[in-house]
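# Architecture at a glance
Listed below are the residues making up each chain.
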Amino acid sequence: MEGKEEDVRLGANKFTERQPIGTSAQGDKDYKEPPPAPLFEPGELSSWSFYRAGIAEFIATFLFLYVTVLTVMGYAKTPNKCNTVGTQGIAWAFGGMIFALVYCTAGISGGHINPAVTFGLFLARKLSLTRAVFYIVMQCLGAICGAGVVKGFEGNSVYELQGGGANVVAHGYTKGDGLGAEIIGTFVLCYTVFSATDAKRNARDSHVPILAPLPIGFAVFLVHLATIPITGTGINPARSLGAAIIFNKDFAWDDHWIFWVGPFIGAALAAVYHQIVIRAIPFKARD
């Protein structure tokens, strides 16, 4: 809040922040439907809060890739898997980092850390196209840098030998299986984001904005448990792109389209479901 007050004092935060994650509840249990974000808002380009939010997305995605891919590499290179964190530990690394990073960046950028989440919120008119494109670019750059640091720690030979944490469809599964897993997994994530940050719930229950990072991180954890054996679990195009670019082997690119198409379809379905079902529920303040 101090950062926002400073922006207002300096006249830099001229444009309203529209990210739903981490917004404070409306007082007196009233509810006013927030207006949809404009498709284009070029005036944001003159606001410091716009660039500050992009920097937050870059740093958050950088840290996300650093911790998670390093965890994957540690698991992959250990001969005795019983001495590693295991699949459950990898899932906890992804879910735990999302929980922590959403908590840290919610008040700055909304804590998207995922192009699919940004895309879904854009379709739901929660943010402008200007901000959505900027976020996605910064997320991808952060992911590339995060994966690059992991490669620097591991060394070229070890990094390449262990697959670089790149997402691929596992043997025994078809491309259709991988696409379906990514669609459903991303739907679960984005559905949780919409539900945990719904403006009606924020107005009715003051604890919802505070607890929002917890169900979002837990959703990431559960999806990873289910789909690590199928695709290694993407549900985040920036995560998949960063690992693929730094690893840069042909087989990492063969199925790469799945980790963009699947998450974007899943996010779009969640946005449609949110608009048709969640927002259609009448608001009723609790006593």
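Counting restarts for each chain: residues are numbered from 1 in the order of the written sequence. Residue-level local features of this predicted model are given only where pLDDT is at least 70; pairs of side-chain atoms are given and counted only at 80 or more, and the full residue set underlies all totals for whole chains, interfaces and linings. Side-chain metrics in this entry use all non-hydrogen atoms of the structure; hydrogen atoms and water are not considered.

## Thoughts on the environment of Gln275
For Gln275, the location among the structural elements is in helix 13 (residues 258–278). Sequence separation between Gln275 and Phe194 is 81 residues; the distance between their C-alpha atoms is 9.7 Å. A helix here means a DSSP run of H or I that spans at least four residues, while a strand means a run of E at least two residues long, and both kinds are numbered starting from the N terminus.

## Section: the nonpolar core
Throughout, nonpolar core names a set of buried Ala, Val, Leu, Ile, Met, Phe, Trp, Tyr and Cys residues whose side chains join them through atoms within 4.5 Å. The rule is simple: take the accessible area with a 1.4 Å probe, protein chains only, and divide by the maximum for that residue type; under 20% is buried, over 50% is exposed, in between is partly exposed. The biggest cluster of nonpolar side chains holds 52 residues, and the ones touching the most others in it are Phe64, Tyr159 and Leu189. Elements with a minimum of two residues in this core: helix 2 (48–76), helix 3 (86–105), helix 4 (115–123), helix 5 (129–154), helix 7 (175–196), helix 10 (213–231), helix 11 (237–247) and helix 13. Top element by residues in this core is helix 5. It accounts for nine residues. Only heavy atoms matter for contacts: two residues are in contact if any of them lie within 4.5 Å across the pair. Apart from the residues within four sequence positions on either side, Leu189 is in contact with Asn114, Val117, Ile216, Val220 and Ile235. Within the second largest apolar cluster, five residues are counted, among which are Leu179, Ile183, Ile258 and Phe259.

## Thoughts on helix 3
With 20 residues, helix 3 extends 28 Å from end C-alpha to end C-alpha; this agrees with the ideal 28 Å at 1.5 Å per step. Buried within helix 3 we find Gly86, Gly89, Ile90, Ala91, Ala93, Phe94, Gly95, Met97, Ile98, Leu101, Val102 and Thr105. Multiplying one less than the number of residues by 1.5 Å gives the expected span of a helix.

## Things to note about the packing of aromatic side chains
When two rings of Phe, Tyr or Trp (its six-membered ring) have centres within 6.5 Å they constitute a pair, described as stacked for plane angles under 30 degrees, edge-to-face for angles over 60, and tilted for the intermediate range. Inspection of every chain in the model, using the stated rule, returns 15 aromatic pairs. With a centroid separation of 5.2 Å and an interplanar angle of 85°, the aromatic rings of Phe50 and Tyr51 are classed as edge-to-face. Residue classification places Phe50 among the buried positions, given a relative accessible area of 2%. Members of the aromatic cluster, joined through ring pairs, are Phe50, Tyr51 and Phe134.

## Some points on the packing of helix 3 against helix 10
The axes used here are C-alpha line fits, helices contributing only the stretch in contact, and every angle between their N-to-C directions lies in the interval 0 to 180 degrees. Viewed as axis vectors pointing N to C, helix 3 and helix 10 meet at an angle of 155°, and their least axial separation amounts to 8 Å. Looking at the two axes, helix 3 sits roughly antiparallel to helix 10. The way helix 3 lies across helix 10 gives a crossing that is right-handed. Touching Thr87, Gln88, Ile90, Ala91, Trp92, Phe94, Gly95, Ile98, Phe99, Val102 and Tyr103 of helix 3 are Pro213, Leu214, Ile216, Gly217, Phe218, Val220, Phe221, His224, Leu225 and Ile228, all from helix 10. The residue classification treats Ala, Val, Leu, Ile, Met, Phe, Trp, Tyr, Cys and Pro as nonpolar and Asp, Glu, Lys and Arg as charged. All others, Gly included, are polar. Split into classes, the residues belonging to the contact of helix 3 with helix 10 amount to 16 nonpolar, five polar and no charged. Geometric relationships in this document are graded by angle, where less than 35 degrees denotes roughly parallel, more than 145 denotes roughly antiparallel, 65 to 115 denotes roughly perpendicular, and other angles denote oblique. Take the far helix as your reference; a near helix turned counterclockwise from it by less than a right angle gives a left-handed crossing, and one turned clockwise gives a right-handed crossing.

## With respect to the pattern of salt bridges
We define a salt bridge as a contact between a side-chain nitrogen of Lys or Arg and a carboxyl oxygen of Asp or Glu at a distance within 4 Å. Scanning the model with the defined rule gives three salt bridges in all. Residue Glu160 is joined to Lys249 by a salt bridge in which the shortest nitrogen-to-oxygen separation is 3.6 Å. Of the two residues, Glu160 sits in helix 6 (residues 156–161) while Lys249 sits in the loop between helix 11 and helix 12 (250–254), which places them 89 residues apart along the sequence. Take Lys249: its relative accessible area is 33%, and that puts it in the partly exposed class. For Lys175, the salt bridge identified is with Asp255, shortest N-O distance 2.3 Å. Of the two residues, Lys175 sits in helix 7 while Asp255 sits in the loop between helix 12 and helix 13, which places them 80 residues apart along the sequence.

## Description of the side chain of His112
Here His112 shows up in the loop between helix 3 and helix 4. For this analysis, a polar contact is any N or O atom pair within 3.5 Å, provided that within protein one partner can donate a hydrogen and the other can accept it, and provided that sequence-adjacent residues contribute only side-chain to side-chain pairs. At a separation of 2.9 Å, a polar atom in the side chain of His112 contacts the side chain of Thr118.

## Some words on the side chain of Thr192
Inspection of the secondary structure puts Thr192 in helix 7. Discounting residues that sit within four places of it in the chain, Thr192 has contacts with Pro215, Ile216 and Ala219.

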